[in-house]
Amino acid sequence: MIGRGPILALLFGATMVFAATPPEAPVAAREAKDVSVHGDRRIDDYFWMRDRGDPRTLPYLEAENAYADAWFAPHAALKEKLYQEMFGRIQQDDDSVPFRKGDWWYSTRTFKGEQYAHHVRRRAVGADRHYDANGSDETMLDLNAMALGKSFLSLGLRAVSPDAALLAYSVDFTGGRDYTLHVRDLGSGKDDAWSVEEVAAAVWGSDSRTLYYVTMDDAKRANKLWRHVIGGGPDTMLFEEKDELFDLDLDKTRDERYVLFSSQSKDSNEVRVIDADASPASFAMRTVFARRADIEYHLDHRGGSFYVRINDTGRDFRLVKVDAKRPDLAHADELIPARPRVMIDGFDLFADYLVVTERVEGSLRLRVFDLARGGEHTVAFDEPAYSVETSSNAEFSTKTLRFVYMSMTTPASTFDYDLATRERVLKKRQPVPGYDPTLYRSERLMAMAGDASKVPISLVWRRDIKQNKPQPLLLYGYGSYGIPLDPWFSQTRVSLLDRGVVFAIAHVRGGGDLGRSWYEAGKMAKKETTFTDFIACAETLVARGYTTPSMLAIEGGSAGGLLMGAVVNRRPDLFRAVVAEVPFVDVINTMLDETLPLTTGEFIEWGNPKVPEQYAWMRAYSPYDNLKGGAYPAILVRSGLNDSQVAFWEPGKYVAKLRTLKTDANPLLFKVNLEVGHGGASGRFDSLREIAEDDAFLLVELGLLR
């Protein structure tokens, strides 16, 4: 194993290279492999790195870590200062707002010095089953105890049985989405001897003894539905999804009448329903609407009807009601039609109310429909850039809606909203010790893309440090899968703002920020739009005097890391520094390998490079394949050895190749966490170390050494 001391020894093949402090940049072995397709000659010198078992691979990764650590060594005090600032903004003893399900109130608790949460519950009291502030908690899961001796822990699903006696939960100790499903007796606190590996989802039947669950194949595709009966012998496979473009998922209607079993691709799905009361002898499933290309739908149940969000008459969805026994779109009752530039993001259905989350020109709002008495109203919000999400609404018969609101200046705020009286009660605003929201300001502006489309940019800065001249700015982007980057609050970001850095989010096409059409304008053959939108945002910020290229840093992760690689290849002169986290940069080689997790299902997102036309799309932007000689910004790349979504060798190859091509003296650093996967460190304190290191890199390169 390679150490991190002053002497660095790198073993690549048969060559041992020694370097004094500070070490020279690692030089990976080159072994030419022809990866040409469609007559386009491509030689990959670092293809060997895909083999984790190759004796050169781990030494190379360790050498990169040692090289990066040596670069960071003179900045150890800055890293520690940033960490302590972030650590100081954490309310260590903290409770979530309890929510009720049946006769119990559920919440999480964290305690000083502990990395993980305790998942607890408290019995409801009184005829109205209210929360007993003086009651005692029952611990369901202590993640700290489970994490002892582990370098990583991620809790996946958590589902309490209808009788509240059993807990189904899954946990991953690798960071590779390797979730194992367990069942715990909440009375004794002991786990059943039964467990299943590689589980993606699970839902209880009404009898609290039948557990439906979905398992993943070797490529991490959720493909099989199973039934487990507590104490009932071998499990039964109920369904296998053979189409590799589709994954399976499980859910349950809020009234608990049906188990919802969905086959979902990137642009279509079909939902099957299972009577939650069904016994193994009476089991049956039926399809609501058969899958159709480019048609997606999601549903819930109330009073014998399915309420369905579907995009069959407009890309941004409509909301209809159909008979649950004989669902027929031809005879649907249309509740909300599809409208241009108004996206129905989702809905929450209750016994007497319907709450629809809509996205209007990029801003979210909640529309409330009184199903019992008629009428509707809208829950409005005042800040120019914010996010809002309904949350923890477990009860079907209720007149209280819970939602979480935040903005770039307002920490996560949990509200209970009375759907009848319209009274809004703040239950909790996430404590951020030492933070004063009045010191900060956010706004939204528009960049003009090359096709005259307006691309939103959300910004935040500290008021008393904002200057009437350009200053350092960090621009963040993602732009894939239709995922919106609604403005969010970050307590770690405050350390940058307090040093005079402006933070901005580019709401580029490919994301869902302005609805489904915004997503579809930045995928497949139109993927280039994501990159040109981001560049347009950067150029707008420079043109309007917010910053200059010498003070402009950018950041993105995963598909956002692809964005980083693509825009840097196009405009290396526009950026001073780049942080690329678990970046998807070796697009063609990954998408050619259908044995890898996610590849096949993502043909609908990126294209299939085995098809010549689609290969040409990717060939034009794949960061690894488009690296060329010249000057590049300072770049920090971060990865995880156990990442099952973007394999470590993608950024590894990218960095190795770029080292041979860059002509500048700017740092190129590669940090690989050898114990985790896609999301980085899992503990709430450990993760701060990585963020502090990223921020130290940015501050050094932006000249803000304080």
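A quick note: this is a predicted structure, and the numbers were derived from the prediction, not measured.

This part is about helix α6 (residues 528–543). For α6, which comprises 16 residues, the first-to-last C-alpha distance of 22 Å matches the rise-based estimate of 22 Å (1.5 Å per residue) to within 8%. Those residues of α6 that fall on the buried side of the exposure criterion are Thr529, Thr530, Phe531, Asp533, Phe534, Ile535, Ala536, Cys537, Ala538, Thr540 and Leu541. One or two residues past the end of α6 sits glycine 545, with phi positive at roughly 85 degrees.

Our next topic: empty space enclosed by the protein. A probe as big as a water molecule, rolled over the atoms, marks out the empty space that is left. Tallying each qualifying case throughout the model produces three cavities of 30 Å³ or more. What lines the largest cavity is simply Gly561, Met564, Gly565, Val568, Val578, Ala580, Pro583, Val585, Ile635 and Tyr654. Elements supplying a minimum of two residues to the lining of the largest cavity: α7 (559–570) and β39 (577–581). Take the lining of the largest cavity: its biggest share by element is four residues, from α7. Residue composition of the lining of the largest cavity, grouped by class: eight nonpolar, two polar and no charged.

Right, let's talk about the pairing of strand β8 (residues 118–123) for a bit. The buried fraction of β8 amounts to five of the six residues, a majority that puts the element mostly inside the structure. Note: strand β7 (residues 104–110) against β8, six bridges, orientation antiparallel. By the bridge assignment, tryptophan 105 is partnered in β8 with arginine 122. Where β8 lies against strand β9 (residues 138–142), four bridges are found, and the strand directions are antiparallel. From the neighbouring strand, histidine 119 faces β9, where its bridge partner is leucine 141.

Okay, helix α11 (residues 649–659) next. Counting buried positions over the eleven residues of α11 gives eleven, a clear majority of the element. Looking at α11, one finds that the buried residues are Trp649, Glu650, Pro651, Gly652, Lys653, Tyr654, Val655, Ala656, Lys657, Leu658 and Arg659. Of the surrounding elements, those touching the buried residues of α11 are β4 (43–44), α1 (57–72), α7, α8 (587–592), β40 (634–640) and β41 (668–673).

This part takes up the sheet that holds strand β35 (residues 454–462). Strand order in the open sheet made by the eight strands is β34-β35-β37-β36-β38-β39-β40-β41, with mixed pairing throughout. Of all the strands in the sheet, just β34 (440–448) and β41 have a single pairing partner and so form its edges. Recorded for the sheet is a direction-independent mean angle of 20 degrees between the axes of neighbouring strands. Along the sheet, α6 makes contact with β34, β35, β36 (473–476), β37 (502–506) and β38 (552–557), crossing β34 at roughly 120 degrees.

Throughout the structure, instances matching the rule amount to 64 salt bridges. The closest approach of N and O atoms between arginine 462 and aspartate 498, which form a salt bridge, is 3.1 Å. Of this pair, arginine 462 sits in strand β35 while aspartate 498 sits in the loop between α4 (494–497) and β37, and the two are 36 residues apart along the sequence. Of the residues examined, arginine 462 reaches a relative accessible area of 18% and is grouped as buried. On the accessibility criterion, aspartate 498 (27% relative accessible area) is partly exposed. Via salt bridges that share partners, Asp69, Lys79, Arg638, Lys671, Glu693 and Asp694 belong to a single interconnected network.

Moving on: unusual backbone geometry. Note: most residues except glycine have negative phi, and most peptide bonds are trans. The backbone of arginine 129 shows a phi angle near 50 degrees, a positive value even though the residue is not glycine. On the secondary structure map, arginine 129 appears in the loop between β8 and β9.

This brings us to the pairing of strand β16 (residues 222–229). Across seven bridges, strand β15 (residues 210–216) lies against β16 in antiparallel orientation. Of the residues in β16, the one forming a bridge with tyrosine 212 is arginine 227. What sits between the antiparallel neighbours β15 and β16 is a turn of five residues, in which lysine 220 has the positive phi angle 65 degrees. Relative to strand β17 (residues 236–240), β16 runs antiparallel, the two sharing four bridges. Considered in β17, the bridge of leucine 225 is made with phenylalanine 239. Between the antiparallel neighbours β16 and β17 lie six residues, among them glycine 231 with a positive phi of about 70 degrees.

This part covers the packing of aromatic side chains. What characterises a pair of aromatic rings is the spacing of the ring centres plus the angle enclosed by the ring planes. All told, the structure shown has 27 aromatic pairs when counted by the stated rule. Ring geometry for tyrosine 435 against phenylalanine 489: centres 5.1 Å apart, planes inclined by 65 degrees, an arrangement best described as edge-to-face. Here the residue tyrosine 435 occupies a position in the loop between β33 (424–429) and β34, and phenylalanine 489 occupies one in the loop between β36 and α4, the gap between them amounting to 54 residues. Pairwise contacts between aromatic rings join Phe381, Tyr386, Phe403, Tyr405, Phe415 and Tyr417 into one cluster. Of note, lysine 466 hangs over the ring of tryptophan 461, and the distance from its end group to the ring centre comes to 5.4 Å.

As a further point, take the packing of helix α2 (residues 76–88) against helix α12 (residues 686–701). Remark: α2 packs on α12, axes separated minimally by 8 Å, with the N-to-C direction vectors making an angle of 130 degrees. Comparing their axes, α12 and α2 come out oblique. Where α2 crosses over α12, the two elements pack in a sense that is right-handed. Between α2 and α12, the contacting residues are Leu78, Lys79, Glu80, Leu82, Tyr83, Met86 and Phe87 on the first element and Leu688, Arg689, Ile691, Ala692, Glu693, Asp695, Ala696, Leu699 and Val700 on the second. Of the residues contributing to the contact of α2 with α12, the split by class is eleven nonpolar, no polar and five charged.

We now examine the environment of alanine 692. Relative to the assigned elements, alanine 692 resides in helix α12. Residue classification places alanine 692 among the buried residues on the basis of a relative accessible area of 1%. Sequence separation between alanine 692 and methionine 86 is 606 residues; the distance between their C-alpha atoms is 8.0 Å. Contacts of alanine 692, omitting those with residues within four sequence positions, involve Lys79, Leu82, Tyr83 and Met86.

This part is about the sheet that holds strand β26 (residues 342–349). The strand order across the open sheet built from four strands is β26-β27-β28-β29, with neighbouring strands paired in antiparallel fashion. Single-partner strands in this sheet number two, and they are β26 and β29 (376–379). Each adjacent strand pair in this sheet contributes to an overall mean axis angle of 25 degrees, direction not counted. In terms of strand pairing, strand β28 (residues 363–370) meets β29 through four bridges, oriented antiparallel. Within the sheet, the bridge partner assigned to phenylalanine 369 lies in β29 and is glutamate 376.

Analysis parameters
- Residues numbered from 1 in each chain as written.
- Predicted model: local features only at pLDDT ≥ 70, side-chain atom pairs only at ≥ 80, totals over all residues.
- Heavy atoms only, no water.
- Helix = DSSP H or I, 4+ residues; strand = E, 2+ residues; numbered from the N terminus.
- Expected span 1.5 Å × (residues − 1).
- Buried < 20%, exposed > 50% of the residue type's maximum accessible area, 1.4 Å probe, protein only.
- 1 Å grid on protein atoms, 1.4 Å probe; cavity = no way out; pocket = protein on both sides within 12 Å on 5 of 7 lines; lining within 4 Å.
- Points joined across faces, edges and corners; volume = space filled by probe spheres on them.
- Nonpolar A, V, L, I, M, F, W, Y, C, P; charged D, E, K, R; others polar.
- Pairing = 2+ DSSP bridges.
- Contact = heavy atoms within 4.5 Å.
- Axes fitted to C-alpha atoms, helices over the stretch in contact; angles between N-to-C directions.
- Salt bridge = Lys/Arg side-chain N within 4 Å of Asp/Glu carboxyl O.
- Phe/Tyr/Trp six-rings, centres within 6.5 Å; stacked < 30°, edge-to-face > 60°.
- Lys NZ or Arg CZ within 6 Å of the ring centre and 35° of its normal.
- Parallel < 35°, antiparallel > 145°, perpendicular 65-115°, else oblique.
- Left-handed = near helix turned anticlockwise from the far one by under 90°.

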